[in-house]
2 protein chains.
Amino acid sequence: MAEDKEVTIYDIAKHLNLSAATVSRGLKGSSLINKNTRKKIQDAAKALGYRSNTFASNLRSKQSLTLGVLTPRLNSHFVSAALAGMEDVASKEGYRLIISQSLEEVEKEKLNAQNMFNNRVDGLLVSLAANTESLEHFEPFFNRRIPVVFFDRVANHPDSISVVIDNYTAAYNVTKHLIEQGCTRIMHLGGNLLRNVYSDRLRGFKDALKEHDLPLPAKFHQVSNLSSEAGTQAAEWILSLPPDKRPDAVFSANDTAAVFCMLRLKAAGIKIPEQIAFAGFNNDPISLVIEPNLTTVDYSGYNIGQTAAKNLINHLKGVIDIFMTDAISLRAELIVRASSMRKTSDVRREK
Amino acid sequence: MAEDKEVTIYDIAKHLNLSAATVSRGLKGSSLINKNTRKKIQDAAKALGYRSNTFASNLRSKQSLTLGVLTPRLNSHFVSAALAGMEDVASKEGYRLIISQSLEEVEKEKLNAQNMFNNRVDGLLVSLAANTESLEHFEPFFNRRIPVVFFDRVANHPDSISVVIDNYTAAYNVTKHLIEQGCTRIMHLGGNLLRNVYSDRLRGFKDALKEHDLPLPAKFHQVSNLSSEAGTQAAEWILSLPPDKRPDAVFSANDTAAVFCMLRLKAAGIKIPEQIAFAGFNNDPISLVIEPNLTTVDYSGYNIGQTAAKNLINHLKGVIDIFMTDAISLRAELIVRASSMRKTSDVRREK
DNA sequence: TTGTAAGCGTTATCAT
DNA sequence: ATGATAACGCTTACAA
């Protein structure tokens, strides 16, 4: 049945000797319409090969049923998990998802935001680029009360809400765990401090040290993009130190840097965790492949995505008022694995 | 400047004492319009805080500048890379991306397809669910000549085009490489044969064996979902065999199964590659973490995504006619790493 | 180079 | 419970 002309509600109306208005209502299952006519309308629609015109509907009703997603990059384990969670929720609630990536560049982020604005998304889900400092490009949304939900890499703004994990506490717990394993010279591989995820983790790390009266030797906090190369470089730096000046533990703000740091150190004959214990962050698949398996923080992008989308949609539906809340913090769990198990007496193990 | 009423082209027209038509043209930079008026119009638009209404424009012009993407699941390394490549191309060409996932279920895929159809996407990018058998749900697109580009997990249809890698040849080359390394009892961990990616790899594998007069012992081809659990199970099965009945090489249709199979075998004291050589497929990040590093096939989701999107958009722009082509096959490269290097004389190495 | 006017397919408002 | 009619904001023949 290859239709060539678009079938409109008028065609259905004519077909059934009804008005377009009735058809429109019937199609949406409005309770104003007689149950029988409703059925007739829906049957006719199917028979005629009708498909609703989203544009006309959006134009008239002034809502798009579309959420815009701004991400730093699409090809990241965390982002794709978050997207999956968002899609799960959104599709169930009848919302579409338009996606974009800034490639960590604030300029592209601005463009993407503008695009989303022109596309009249009903709401925005945002994880910020590495170098975003101001939120000016979101002002159009704030001004028009288009709800903005930041997730993971967030920023504070009274007209928005954040969905995060408690990075501070998670990092604090990781560090405390390393200390409990007897580590006293703990090094931290951190990310760009503009982003809450990394600055919070650093704070948690430092506070745990302070609380246990441990020093933070010079250069034991290094900032990088936490790539695999950065991990390898950190290892080179450690190897360049005289053995007694080396850290006895490394806490990396992501798993990638931790794992590639470990690989390089292992190749140099360093024993993990005996000589240097390791902990990462994210619970990436690679953390279960490296030997010894990497202690890390489980960090469910899927959950964060679901939560962010659900809150946004609930707000749009008027079920809750997002603007009352400042931030939603999800549980993050320390997963202790062999890379940090120095005391055999400590029997905490995964699962 | 918090606007509350939407600014339309009529507002700009009134402001400048022009007609709406002129403003519409000026906004698009039409060469019909005087350069000065064009500038005036664009300045006024900015000053008044105008944003174009995509719906009205789409409604009138009957194109959405939107591409729909159907994926099996968003949280997969390959899919997210492909999406990144698509976004890269699409955003440069002024197209938006609406995404969806079938979660490997044909029923959800059907729903998603219908949704995309109602949303009047200009074109479709599709990677099929595991259990999709018929293409009926794409008929509406075929009938209306809405271009459909399959990528990675493809199907044949005269009104569509496929973007793939040459899975057959890649698998053939992997197998040949293992044979050249002296392996004679090669096992294959494969995926669902409904999908070209897995059936083609199996064919390549079998043909390479045949060509070298090697047998395929019973149960040396196993079908699974290629998850980490499936990899572990394959290892258990191998260990359950008497040592002289075990394979001396495993070629897995993805890296995940290969890596987790290796981990289990290593834990049982099997030497890799000496006792069992390994090769995977995908060049996932984990392939560089496992020790020894995994021989695999580099399989750029990013490239596939870019190519698929570029061809689709070129077709939409009338630059090329997609329907003339059947399939585009991208280069896939065998990356030999330590997991399959049995002959020290063989100096082929990565990079 | 600019203007006029019709129409894209819905939904909202007001009637009936 | 249904109908008539006017928007929604833009594009595009056609006219000037």
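The structure displayed is predicted, hence computed values, not measured ones.

Engineer: Help me understand the packing of aromatic side chains, please; the structure alone is not making it clear to me.
Structural biologist: In this description, an aromatic ring pair is defined by two values, namely the gap between the centres and the angle between the planes. Taken as a whole and assessed by the stated rule, the structure comprises 14 aromatic pairs over all chains. Arranged with centres 6.1 Å apart and planes meeting at 80°, the rings of Phe220(B) and Trp237(B) form a pair that is edge-to-face. Within this pair, whereas Phe220(B) is found in the loop between helix 9 (196-211) and strand 7 (221-223), its partner Trp237(B) is found in helix 10 (residues 228-240), the two being separated by 17 residues in sequence. Following the ring pairs from residue to residue traces out a cluster consisting of Phe78(A), Phe281(A) and Tyr299(A). One Lys or Arg, Arg201(A), reaches over the ring of Phe281(A) and ends 3.7 Å from the middle of that ring. Against the face of Phe117(A) rests Arg51(B), its NZ or CZ located 3.9 Å from the ring centre.

Engineer: Looking at this structure, I do not really get the packing of helix 1 (residues 9-16) of chain A against helix 2 (residues 20-27) of chain A. What am I missing?
Structural biologist: Residue and element names in this part refer to chain A. Closest axis-to-axis distance for the helix 1/helix 2 pair is 8 Å, and the angle between their directions is 110°. Relative to helix 2, the element helix 1 is oriented roughly perpendicular. Facing helix 1, whose interface residues are Ile9, Tyr10, Ile12 and Ala13, helix 2 presents Ala20, Val23, Ser24 and Leu27. Residues of the contact of helix 1 with helix 2, tallied by class, amount to seven nonpolar, one polar and no charged.

Engineer: What is the right way to read the sheet that holds strand 6 (residues 186-190) of chain A from this model?
Structural biologist: In a beta sheet, neighbouring strands are held together by backbone hydrogen bonds and run either parallel or antiparallel to one another. Residues and elements named next belong to chain A. Pairing is parallel in the open sheet, where four strands are placed in the order 7-6-8-9. Each edge of the open sheet carries a strand with a single partner, namely strand 7 (221-223) and strand 9 (277-279). On average, each strand axis in the sheet is tilted by 15° relative to the strand beside it, whichever way the strands run. Sheet analysis places strand 8 (residues 249-252) next to strand 9, joined by three bridges and oriented parallel. Looking at the pairing, Val250 lines up with Phe278 of strand 9. Here helix 9 (residues 196-211) sits on the sheet and contacts strand 6, strand 7 and strand 8; the angle it forms with strand 6, its principal contact strand, is near 170°. Each of strand 6, strand 8 and strand 9 touches helix 11 (residues 255-267); the most contacted strand, strand 9, lies at about 160° to it.

Engineer: Looking at this model, I keep getting lost on the sheet that holds strand 7 of chain B. Mind explaining?
Structural biologist: Residues and elements named next belong to chain B. Taken in spatial order, the four strands line up as 7-6-8-9 in an open sheet, and their pairing is parallel. The open sheet has two edge strands, strand 7 and strand 9 (277-279), and neither has a second partner. Neighbour to neighbour, the strand axes of the sheet diverge by 15° on average, direction disregarded. Strands strand 6 (186-190), strand 8 (249-252) and strand 9 of the sheet are contacted by helix 8 (residues 167-180), whose axis makes an angle of about 170° with strand 8. Here helix 10 sits on the sheet and contacts strand 6, strand 7 and strand 8; the angle it forms with strand 6, its principal contact strand, is near 150°.

Engineer: In this structure, what is going on with the relation of the copies chain A and chain B? I would like to understand it.
Structural biologist: In this structure, two copies of a chain are linked by a rotation about an axis accompanied by a shift along it. With an RMSD of 0.1 Å, the operation that places chain A on chain B is a rotation of 180° combined with a shift of 0.0 Å along the axis. Taken together, the rotation and translation relating the two chain copies correspond to the operation of a two-fold axis. Same-surface contact between copies: 100% of interface residues of chain A are shared with the interface of chain B.

Engineer: In this structure, what is going on with the pattern of salt bridges? I would like to understand it.
Structural biologist: Inspection of every chain in the model, using the stated rule, returns 22 salt bridges over all chains. When the shortest N-O distance is used, the salt bridge between Asp159(A) and Arg145(A) registers 3.8 Å. One end of the pair, Asp159(A), is in the loop between strand 4 (148-151) and strand 5 (160-165); the other, Arg145(A), is in the loop between helix 7 (139-143) and strand 4, with 14 residues separating them in the sequence. Under the relative-accessibility criterion, Asp159(A) is labelled partly exposed at 21%. With relative accessibility at 48%, the residue Arg145(A) sits in the partly exposed group. A salt bridge links Asp88(B) to Lys92(B), with the nearest nitrogen and oxygen atoms 2.9 Å apart.

Engineer: What am I meant to see in the protein's contact with DNA strand C here?
Structural biologist: Around DNA strand C lies a shell of 28 residues, among which Ser24(A), Arg60(A), Thr22(B), Arg25(B) and Arg60(B) are the nearest. For DNA strand C, the backbone portion of the atoms within 4 Å of the protein, that is sugar and phosphate, comes to 61%. Measuring from a base oxygen of DNA strand C, one finds a side-chain N or O atom of Arg60(A) at 2.6 Å. Taken together, the elements giving at least two residues each to the surface near DNA strand C come down to helix 1, helix 2 and helix 4 (54-61) of chain A together with helix 2 (20-27) and helix 4 (54-61) of chain B. Among the elements that line the surface near DNA strand C, the one with the most residues is helix 4 of chain A, at four residues. Tallied by class, residues from the surface near DNA strand C come to 11 nonpolar, 10 polar and seven charged.

Engineer: Looking at this structure, I do not really get the pairing of strand 6 of chain B. What am I missing?
Structural biologist: Note on strand geometry: in a regular strand, side chains alternate between the two faces of the sheet. Residue and element names in this part refer to chain B. Counted residue by residue, strand 6 has five buried out of five residues, so it is predominantly covered. Two strands pair when backbone bridges link them, and strand 6 and strand 8 are joined in this way by four bridges, in the parallel orientation. Note on strand 8: the bridge partner recorded for Ile186 is Ala249. As judged from the three bridges shared by strand 6 and strand 7, these two strands associate in the parallel manner. The residue of strand 7 that forms the bridge with Leu189 is Gln222.

Engineer: What am I meant to see in the nonpolar core here?
Structural biologist: Nonpolar side chains in soluble globular proteins tend to end up buried together. In terms of nonpolar packing, the biggest core is built from 149 residues, with Phe151(A), Phe278(A), Phe151(B) and Phe278(B) touching the most fellow members. If we skip the residues at most four places from it in the chain, Phe151(B) touches Val69(B), Leu70(B), Phe78(B), Ala82(B), Met86(B), Leu125(B), Val126(B), Ser127(B), Val163(B), Ile304(B) and Ala308(B).

Engineer: Please explain the protein's contact with DNA strand D as it appears in this structure.
Structural biologist: Residues in contact with DNA strand D amount to 26 residues; listed here are only the nearest, Thr22(A), Arg25(A), Ser24(B), Tyr50(B) and Arg60(B). Counted by atom, the contact set of DNA strand D within 4 Å of the protein is 65% sugar and phosphate. Here a phosphate oxygen of DNA strand D sits 3.2 Å away from a polar atom, N or O, in the side chain of Thr37(A). Within the backbone of Ile9(B), an N or O atom sits 2.8 Å from a phosphate oxygen of DNA strand D.

Engineer: Sorry, what's going on with the interface of chain A and chain B here?
Structural biologist: For interface size, the figure often reported is the accessible area lost on association. Listed by partner, the interface residues are 51 residues for chain A and 51 residues for chain B. Buried surface at the junction of chain A and chain B, summed over both partners, amounts to about 4600 Å²; 55% is from carbon and sulfur atoms. Of all residues in chain A, the largest losses of buried area upon contact with chain B belong to Arg51(A), Phe55(A) and Arg120(A), amounting jointly to 18% of the total for that side. At the junction of chain A with chain B, the criterion picks out four salt bridges. A salt bridge links Glu87(B) to Lys108(A); its shortest N-O distance comes to 3.1 Å. At the boundary of chain A and chain B, one finds 18 residue pairs in polar contact (both at pLDDT 80 or more). At the level of secondary structure, the elements contributing two or more residues to the side of chain A that touches chain B comprise helix 4, helix 5 (77-92), strand 2 (96-101), helix 6 (106-118) and helix 11 of chain A. No other element matches helix 5 of chain A, which puts seven residues into the side of chain A that touches chain B. Of the residues assigned to the side of chain A that touches chain B, the class counts are 22 nonpolar, 16 polar and 13 charged.

Conventions and cut-offs
Residues numbered from 1 in each chain as written. Chains lettered and ligands numbered in written order. Predicted model: local features only at pLDDT ≥ 70, side-chain atom pairs only at ≥ 80, totals over all residues. Heavy atoms only, no water. Phe/Tyr/Trp six-rings, centres within 6.5 Å; stacked < 30°, edge-to-face > 60°. Helix = DSSP H or I, 4+ residues; strand = E, 2+ residues; numbered from the N terminus. Lys NZ or Arg CZ within 6 Å of the ring centre and 35° of its normal. Axes fitted to C-alpha atoms, helices over the stretch in contact; angles between N-to-C directions. Parallel < 35°, antiparallel > 145°, perpendicular 65-115°, else oblique. Contact = heavy atoms within 4.5 Å. Nonpolar A, V, L, I, M, F, W, Y, C, P; charged D, E, K, R; others polar. Pairing = 2+ DSSP bridges. Least-squares fit on C-alpha atoms with pLDDT ≥ 70 in both. Salt bridge = Lys/Arg side-chain N within 4 Å of Asp/Glu carboxyl O. Buried < 20%, exposed > 50% of the residue type's maximum accessible area, 1.4 Å probe, protein only. Near = heavy atom within 4 Å. Polar contact = N/O pair within 3.5 Å; in protein donor to acceptor, adjacent residues only side chain to side chain. Core = buried A, V, L, I, M, F, W, Y, C linked by side-chain atoms within 4.5 Å. Buried area = accessible area lost by both parts, 1.4 Å probe.

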